[in-house]
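# Fold and geometry: a report
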Amino acid sequence: MSFSPSSSTLSASMQAIADGLGSPRDGAFAQLGSRFLTRLPAAPLPAPYVVGFSADTAALLGLEPSVADEPDFAELFSGNTTRDWPGDALPYASVYSGHQFGVWAGQLGDGRALGLGEIEHAGRRYELQLKGGGRTPYSRMGDGRAVLRSSIREYLCSEAMHHLGIPTTRALCVIGSDQPVRREEMETAAVVTRVAPSFVRFGHFEHFYSNDDTDALRMLADHVIDRFHPHCREADDPYLALLNEAVHSTADLLAQWQAVGFCHGVMNTDNMSILGLTIDYGPFGFLDAFDANYICNHSDTQGRYAYQRQPQVAYWNLFCLAQGLLPLLGGPHDEAVRGERAIEDAQRVLEGFKTQFAPALEARMRAKLGLENERPGDDALANRLFSIMQANRADFTLTFRHLARISKHDASGDTSARDLFLDRPAFDAWANDYRARLSEETRDDATRAIAMNRVNPRFILRNHLAETAIRHAKEKDFSEVERLAAVLRRPFDEQPEHDAYAALPPDWASTLEVSCSS
Ligand code: AMP
Ligand code: MG
């Protein structure tokens, strides 16, 4: 297929990417049809330029790092050339619904995200999506745009999460423009190209459930099963098996978020991936000073999505997903029996969240503490650490990173963890018990430290680091975006030349506020 663009001419390599994206592919989300999506071109973005580019994500797609240097790379990934694409290859906005802050919000949908199509490389298929590509039928009151600030944050964080080993959508690039966009103040527009196997959310299922469209609901579930969980077909009830997959991947995701101190900020059901990926980076934040009640989203006045509530919210969201799937569950019985069976089955599978999440988090906590074997008091030991971290507002990331330096034999050794606590006697009491517990381990200090440094990152995307990169980018200096991205690509490495990026947040960081505005 060729688009023979009329008003823009792409280089051969860019044209090849565009052709690939526009080609219809069996089993792709875009093939589900007009009940699921609306096709339309992206809104023009004047004089686009490359702000950030992930060579890692490009490699996933089989693209050379040099593509970003091609003059029309920004034209393609701003969405500008999509106005020349034929109708059946146009980008698409999908429709979904959802619960926002615990309340049914009705129809939402991709208000500013446009699916470009898929790229297949090395036997894997990835969907590409422009976030900030202009208004769609689902924009409601929004302008369809994303601002440079939030686009840089999404780009940096989704790549950082990947390198922390946490399932997430990826980001290929951020394209900027001087086009003004109004938020609390005037900002400029940007587009992030997100990359994921699928962008299907819990809210997609809730949408067809709430519209009483069981046929579309089944098509959607079949799409996810056939594409991502074909083994579910072998189960007695493939749709229950699909729910089970979502329960397990979400439980595991939440254990990973909690273990690294990641707060999503807007865990609405429309921001939950059916594949258990971290999706929709907005007012997210990593814990600095430990506070179990930390609320990263300034708009979340009730603290619904506070750090320690996240697992419970995930469970609540899965409940909404289960409800959305009910019409497909219950097996081949007559209506009365089927309905009851469906509810029982869904409840049983939802229980799996609890049996999966707690042990998954405990295992991660043991690894963070450097404990190889499970012992009865381990949980209590971890919980006591959290309570003194809370009382002392000790830095989450540095506390765990520095624990690796504690020697199981020598109480007078490295003090870098202890120094994070104002209440030294409280830390010393805990550290004594920790050392006693470590002496039951067979690994020596050095071996344990290596293992701990593989699970306790030194570098996370602290708000002030993102903010510094954003301030430079607003002045058209994008070098800090790339420098920071490079540091975050190796979060577990010591990188002594980048000590400043591992340091405690400066005083000015406490005045930073992130909200839903993006
Ligand atoms: P979020 O809270 O970012 O997950 O967004 C919730 C809903 O609002 C989704 O349907 C988004 O597509 C939509 N939305 C958010 N910002 C905008 C915007 N600037 N323009 C259009 N739609 C938006
Ligand atoms: Mg969203």
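All figures in this text were calculated on a predicted structure; none of them were measured in a lab. Here, residues in each chain are numbered from 1, in the same order as that chain's written sequence. Each chain takes a letter, starting from A, and each ligand takes a number, starting from 1, following the order in which they are written. Thresholds applied to this predicted model are a pLDDT of at least 70 for local features of residues and 80 or more for the giving and counting of side-chain atom pairs; totals over whole chains, interfaces and linings are not thresholded and use all residues. As a convention, hydrogens and water are excluded, and side-chain values are obtained from all of the structure's heavy atoms.

## A few points about the site of ligand 1
This is how the line gets drawn: The near set for a molecule or strand comprises every residue that places at least one heavy atom within 4 Å of it. We define a polar contact as two N or O atoms separated by no more than 3.5 Å, with the added condition that, inside protein, one atom must be a possible hydrogen donor and the other a possible acceptor, whereas residues neighbouring each other in sequence contribute only through side-chain atom pairs. Under the convention used here, a 1.4 Å probe and the Shrake-Rupley method define accessible areas, while residue burial counts only the protein chains that appear. Each residue gets one of three labels, nonpolar for Ala, Val, Leu, Ile, Met, Phe, Trp, Tyr, Cys and Pro, charged for Asp, Glu, Lys and Arg, and polar for the others, Gly among them. Each domain span listed reflects an automatic or database assignment of domains.
For ligand 1, the set of nearby residues contains 17 residues, the closest of which are G109, G111, R140, G144 and N271. Here an oxygen atom of ligand 1 sits 2.8 Å away from a polar atom, N or O, in the main chain of G111. With the chains in place, 81% of the 480 Å² that ligand 1 exposes on its own is no longer accessible. When grouped by side-chain class, the residues that make up the shell around ligand 1 number 2 nonpolar, 7 polar and 8 charged. Per-domain counts for the shell around ligand 1 show at least three residues from each of domain 1 (25-199) and domain 2 (203-366).

## A word on the UniProt feature "binding site: ATP" (unreviewed entry) in the protein
Under the convention used in this document: UniProt positions are given in the numbering used here, feature names are shortened, and annotations may be inferred rather than shown by experiment. A simple rule labels every residue: compare its accessible area, found with a 1.4 Å probe on the protein chains alone, to the largest value its type can have, and call it buried under 20%, exposed over 50%, or partly exposed in between. Any pair of residues with heavy atoms lying within 4.5 Å of one another is described as a contacting pair. Strands are runs of DSSP state E lasting at least two residues, helices are runs of H or I lasting at least four, and both sets are numbered from the N terminus onward.
Cross-referencing UniProt, the feature "binding site: ATP" (unreviewed entry) maps to G109, G111, R112, K131, D143, G144, R194, R201 and D280 in the present numbering. Note on G144: relative accessible area 2%, which makes it buried. Leave out the neighbours within four places in its chain, and G144 touches G111, R112, G132, G133, G134, R135 and S139. By secondary structure assignment, the location of D280 is in the loop between β11 (262-263) and β12 (285-286). Within the local environment of D280, its side chain forms a polar contact with the side chain of R201, the two groups lying 2.9 Å apart.

## Concerning the UniProt feature "active site" (unreviewed entry) in the protein
Under the present numbering, the feature "active site" (unreviewed entry) in UniProt falls on D270. Residue D270 is classed as buried on the basis of its relative accessible area of 6%. Leave out the neighbours within four places in its chain, and D270 touches Y96, S97, H99, Q100, L108, R201, G203 and D280.

## Quick notes on the coordination of the magnesium ion (ligand 2)
This is how the line gets drawn: Donors, by definition, are the N, O and S atoms found within 2.8 Å of a metal, the threshold being 3.2 Å for Na, K and Ca, and water is not counted, so a site can look incomplete.
Bound to the magnesium ion (ligand 2) on the protein side are N271 (OD1) and D280 (OD), at distances that span 2.0 to 2.1 Å. The pair formed by N271 and D280 is uniform in burial state, with each residue classed as buried.

## Examining the packing of aromatic side chains
Put simply, the rule reads: Between the rings of Phe, Tyr and Trp (Trp by its six-membered ring), a pair exists once the centres lie within 6.5 Å; its type follows the angle of the planes, with under 30 degrees stacked, over 60 edge-to-face, and the other angles tilted. By the criterion adopted, a ring carries a charge over it if an Arg CZ or a Lys NZ lies within 6 Å of its centre and within 35 degrees of its normal.
The full count for this structure, using the stated rule, is 21 aromatic pairs. Seen from their ring centres, F290 and F386 are 5.1 Å apart, and the 35 degrees between their planes marks the pair as tilted. In this pair, F290 sits in the loop between β12 and α8 (310-325) while F386 sits in helix α10 (residues 378-392), placing the two residues 96 residues apart along the sequence. Relative accessible area serves as the criterion here: at 3%, F290 is assigned to the buried category. Relative to F427, the ring of F421 lies with its centre 4.8 Å away and its plane at 35 degrees, an arrangement referred to as tilted. The pair F421 / F427 is uniform in exposure class, with both members buried. Through a chain of ring-to-ring contacts, the aromatic side chains of W257, F262, Y281, F284 and F286 assemble into a single cluster. Just above the ring of W316 sits the side chain of R304; from NZ or CZ to the centre is 4.7 Å. Over the face of the ring belonging to W508 we find R471, whose NZ or CZ atom lies 4.8 Å from the ring centre.

## Description of the state of the cysteines
Here is the rule we go by: By convention in this document, the label disulfide applies to cysteine sulfur atom pairs within 2.5 Å.
Under the criterion given, the structure shown has 0 disulfides. C296 provides the cysteine sulfur closest to C157, a residue in no disulfide bond, and the two sulfurs are 10 Å apart. When its relative accessible area of 0% is taken as the criterion, C157 is described as buried. Residue C320 stays outside any disulfide, its sulfur separated by 18 Å from that of C516, the closest cysteine.

## A closer look at the packing of α8 against helix α9 (residues 335-369)
Working note: a packed helix pair is described by the angle between its axes plus the distance between those axes. Keep this limit in mind: Interaxial angles span 0 to 180 degrees and are taken between N-to-C directions of axes, which are lines fitted to C-alpha atoms, for helices over the stretch in contact. Angles below 35 degrees are treated as roughly parallel, those above 145 as roughly antiparallel, those between 65 and 115 as roughly perpendicular, and all remaining angles as oblique. Left-handed describes a crossing whose near helix is turned anticlockwise from the far helix through less than a right angle; right-handed describes the clockwise counterpart.
Across the interface, α8 lies against α9 with an axial gap of 10 Å and an inter-helix angle of 160 degrees. Between α8 and α9, the interaxial angle falls into the category roughly antiparallel. For the element pair α8 and α9, the recorded crossing hand is right-handed. Along its contact with α8, which presents P311, A314, Y315, L318, F319 and A322, the element α9 presents A346, L350, E351, F353, K354 and F357. For the contact of α8 with α9, the class distribution of residues is 10 nonpolar, no polar and 2 charged.

## Quick look at unusual backbone geometry
In this structure, A47 takes a positive phi of about 40 degrees despite not being glycine. With respect to the secondary-structure elements, A47 resides in the loop between β1 (37-39) and β2 (49-53). Accessibility expressed as a relative area gives 62% for A47, which makes it exposed. With a phi angle near 50 degrees, F101 is a residue other than glycine that sits in the positive phi range. Relative to the helices and strands, F101 is located in the loop between β4 (97-100) and β5 (103-107).

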